[in-house]
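Now for the letters of each chain:
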Amino acid sequence: SSITQEMLSQACLLEERDLLKLFTFADPKVAAVIDGKAPNVTFHVEVKDGGLFSVFFANCEQRTPVSFGMKVSAYNLVGPQGRKDYLSIGEGELDVMYWVMFGLFAAITASWAGLLLRARRTAGSVQYIHWLMLGLVGFKTLTLLSQACMYLVVQRYGSPHGWNWVYYIATFFRGMLFFSVVVLIGTGWSYMKPFIDENTRKVLMVVIPLQVFAEIAIVITGEESPSIRDWATWVNILHFVDILCCCAILFPIVWSIKHLREASETDGKAARALEKLRLFRQFYILVVVFIYFTRIVVFLLRANLADSLYAWVADAAYELAYLAFYVWVGVKFAPNTDNPYTKLRQEEIEMRA
């Protein structure tokens with residue numbers, strides 16, 4: 001917003017004419033608190049016209065420290081009885097959206113678990129990667145549940161009451177499993193080869209923890225005020241690290257495609273290698289599109305729809321992208337004895353990236 005840009009440019013907000021000045025230290029009520037004549041002071045602001053309002057404190061005296069405590073309670077009065085709704089503009093729909101997505105992912109989790117249990121009767125059809133995929137979709141479902149509960153509680157009480165920490169923890173494990181599964185699928189681990197090569201191990205040990213850290217740091221930083229020193233710089237750095245790590249996980253898929261292309265030129269393996277090569281090319285394209293959409297398109301949506309009634313659309317697009325990605329990968333790599341990509345053959349054990 002324009003106010004955020006002014007804060008980042010170190011301009012004094014008190015000189016802005018279009019802003020509503022709630023109070024200054026010259027106000028008699030505030031002065032009474034400073035002098036110790038009153039324990040506190042309360043200000044009420046009732047907004048008649050609609051719009052998005054934010055509360056900022058501006059200290060335009062350079063190198064002058066200021067310390068005080070302040071509690072802000074901002075809400076809308078909805079319904080005939082004037083019930084308090086603490087969600088901001090564009091966030092009221094997030095509650096319903098996350099509950100819907102939670103229901104969809106819960107159904108996917110149950111379906112995948114049932115598929116694995118049925119497929120266990122067929123020897124060799126269920127691989128370790130399939131159980132990791134179950135853990136991934138389970139933590140994704142828990143993440144959506146924590147977000148739905150968090151917005152529901154915030155809407156009613158104005159504070160998440162601990163649900164934000166449940167979301168952070170679930171997001172950490174979901175992030176670790178998501179990029180690990182993408183890398184392991186891209187290298188053909190467990191269903192094409194039972195080992196993890198050295199290059200893939202480096203990606204798992206270095207890139208993925210860094211990416212998960214950047215993703216969680218982006219969420220926490222986004223909840224902070226832009227008035228914090230170097231806030232915009234850190235936001236840009238974290239987004240850059242996130243995109244860089246996402247691009248780094250593409251290398252194991254490229255290595256697998258290269259090996260399959262070489263194997264397709266070998267007599268006796270051409271047909272199977274060409275089938276797998278076609279699948280890995282599709283998987284590579286899907287991952288590229290997924291990264292581009294969730295890291296760039298959604299970022300632009302959030303920037304353009306911020307402070308509007310349709311701010312929730314960016315989050316909905318983000319979750320729908322994850323839903324489409326999970327469904328496609330689940331269909332293509334489902335445990336099935338008729339699926340040539342999930343059969344472990346002795347000659348493929350020798351394959352190394």
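See the structure printed just above.
Here the structure is a predicted model, which is why all the values come from computation and not from measurement. All residue numbers here refer to positions counted from 1 along the written sequence of the relevant chain. Note on the predicted model: pLDDT of at least 70 is required for a residue's local features to be given, and 80 or more for side-chain atom pairs to be given and counted; whole-chain, interface and lining totals, by contrast, use all residues. The basis for the side-chain values is all heavy atoms of the structure; hydrogens and waters are excluded.

S.K.: What is the right way to read the overall build of the protein chain from this model?
M.R.: Helix and strand counts for the protein chain stand at 10 helices and two strands. In the protein chain, the succession of helices and strands from N to C terminus is α-α-β-β-α-α-α-α-α-α-α-α. Counting the 353 residues in the protein chain, one finds 38% classified as buried. The contact criterion used throughout is that any non-hydrogen atoms of two residues lie within 4.5 Å. Of the contacts made within the protein chain by residues no fewer than 6 positions apart, 72% connect residues no fewer than 24 positions apart. Computed by Shrake-Rupley with a 1.4 Å probe, the accessible areas treat only the displayed protein chains as cover when residues are assessed. Total accessible area computed for the protein chain in this model is approximately 20,900 Å², and 60% of it derives from carbon and sulfur atoms. Under the scheme used here, helices are H or I runs from DSSP no shorter than 4 residues and strands are E runs no shorter than 2 residues, and both carry numbers assigned from the N terminus. Only protein chains enter the accessibility calculation, which uses a 1.4 Å probe. A residue is then buried if its area is under 20% of the maximum for its type, exposed if over 50%, and partly exposed in between.

S.K.: Explain the packing of helix α4 (residues 128–157) against helix α5 (residues 163–187) here, please?
M.R.: Two quantities define a packed helix pair, namely the angle between the axes and the distance from one axis to the other. Here the axes come from fitting lines to C-alpha atoms, over the contacting stretch only for helices, and the angles between their N-to-C directions go from 0 to 180 degrees. Running from amino to carboxyl end, α4 crosses α5 at an angle of 155°, the nearest separation of the two axes being 8 Å. Here α5 runs roughly antiparallel to α4, going by the angle between their axes. Here α4 and α5 pass one another in a crossing that is left-handed. Three classes are used, and their members are as follows: Ala, Val, Leu, Ile, Met, Phe, Trp, Tyr, Cys and Pro are nonpolar, Asp, Glu, Lys and Arg are charged, and the others, Gly among them, are polar. A breakdown of the residues in the contact of α4 with α5 according to their chemical character gives 19 nonpolar, six polar and two charged. Roughly parallel refers to an angle under 35 degrees, roughly antiparallel to one over 145, roughly perpendicular to one between 65 and 115, and oblique to any angle outside these ranges. What makes a crossing left-handed is the near helix being turned counterclockwise from the far one by less than a right angle; a clockwise turn instead makes it right-handed.

S.K.: Would you mind showing me how to read the environment of L104 here?
M.R.: Assignment of secondary structure puts L104 in helix α3 (residues 94–119). For L104 and T141, which are 37 residues apart along the polypeptide, the C-alpha to C-alpha distance reads 8.7 Å.

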